[in-house]
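The lines below spell out each chain.
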Amino acid sequence: MSLTLFIFIGLFGAFFITFLKSSLINLFGENNILLFKLKNAGWFQNYWLAGIMLFITNAILFFSTALLIYLLSYFLIPYVHLLVMILAVIGSIFLWIIINKTWQGTRKNRLKMATVGSSFYMILSLILIYMLVTLEPAYPGDDPFMRAIGLFMGIVVTTVAFISCLIFTGFSIKKEVNEARF
């Protein structure tokens, strides 16, 4: 499978999941212990504290996935890193759905919370863009093309994660009530 096809399949999958956001959130049950703990926590309704918690959990998920992929590179088991990445995406979406369902506040504060929380991926994207722009050969005659491809893929992944996290946590599902107007 070519790298370009893999990127397009991943982007298509991310946009497809984001498009089906409301059905995924409705599919998630209300009887989750994490939902109850976050709903009853008074600090979680402050958008700064909830955003910082989302920022930290995004960072923990990202770095633990990167560490696991790094450790798996020492074994000669093919395609396990793809499974780890898929499980990391599912775990992130699970976290974002929980935060979407437990947050109770105004739309403006919800958007602030989502911006603070998803800014981890934007900061990571900016760091990768800086690394791409300042990329130099390691030694004379070195071709940094493969490092540039890796940095570009990292930029695409972190930008899609930023947008997805912002959409999942920043925009709630509005429950529509059909009322007759007289």
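Below, the structure is looked at part by part. Residue numbers here run from 1 along each chain, matching the order of that chain's written sequence. Only residues with pLDDT of at least 70 are given local features in this predicted model, and only at 80 or more are side-chain atom pairs given and counted; all residues enter the totals for whole chains, interfaces and linings. As a rule here, side-chain values come from all non-hydrogen atoms in the structure, and water together with hydrogens is ignored.

### Re unusual backbone geometry
What counts here: Secondary structure follows DSSP: runs of H or I at least 4 residues long count as helices, runs of E at least 2 residues long count as strands, and numbering of each begins at the N terminus.
Despite not being glycine, Tyr79 shows a phi value in the positive range, around 65°. Note on placement: Tyr79 falls in the loop between helix 4 (47-72) and helix 5 (80-102).

### Regarding the packing of aromatic side chains
Aromatic ring pairs are described here by two measures, namely the spacing of the ring centres and the angle between the planes. Stated formally: Between 30 and 60 degrees the pair is tilted, below 30 it is stacked and above 60 it is edge-to-face, where a pair is any two Phe, Tyr or Trp rings, Trp via its six-membered ring, whose centres lie within 6.5 Å.
Counted by the stated rule, this structure contains ten aromatic pairs. Between Tyr47 and Trp48, the ring centres sit 5.6 Å apart and the planes meet at 35°, which makes this aromatic pair tilted. Three or more aromatic residues joined by ring pairs make a cluster, and in this case those are Phe55, Phe62, Phe63, Phe120 and Tyr121.

### Details of the layout of surface pockets
Gaps left between atoms show up when a probe the size of a water molecule is rolled over them. Our working definition: As defined here, a cavity is a set of points on a 1 Å grid over the protein atoms alone where a 1.4 Å probe fits but cannot get out. A pocket is an open set with protein on both sides within 12 Å along at least five of seven lines, and residues line them when an atom is within 4 Å of a point. Grid points are joined across faces, edges and corners, and a volume is the space filled by probe spheres set on the points.
Within this model, the largest pocket holds a volume of roughly 1200 Å³. Lining the largest pocket are 36 residues, and of these Gly10, Met85, Ile86, Val89 and Val157 lie nearest its centre. Breaking the lining of the largest pocket down by element, the ones donating at least two residues are helix 1 (3-19), helix 4, helix 5, helix 6 (107-133) and helix 7 (145-170). When residues of the lining of the largest pocket are assigned to their parent elements, the largest contribution, eleven residues, is made by helix 7.

### Some points on the side chain of Ser118
Let me state the cut-off plainly: Here the term buried applies to any residue with accessible area under 20% of the maximum for its type, exposed to any over 50%, and partly exposed to those in between, with areas from a 1.4 Å probe on protein chains only. Side-chain atoms alone can form a polar contact between residues adjacent in sequence; in general such a contact is a pair of N or O atoms within 3.5 Å, and within protein one must be able to donate a hydrogen while the other accepts it.
By the secondary structure assignment, Ser118 is in helix 6. For Ser118, a relative accessible area of 0% gives the class buried. A distance of 2.7 Å separates a polar side-chain atom of Ser118 from the backbone oxygen of Ala114.

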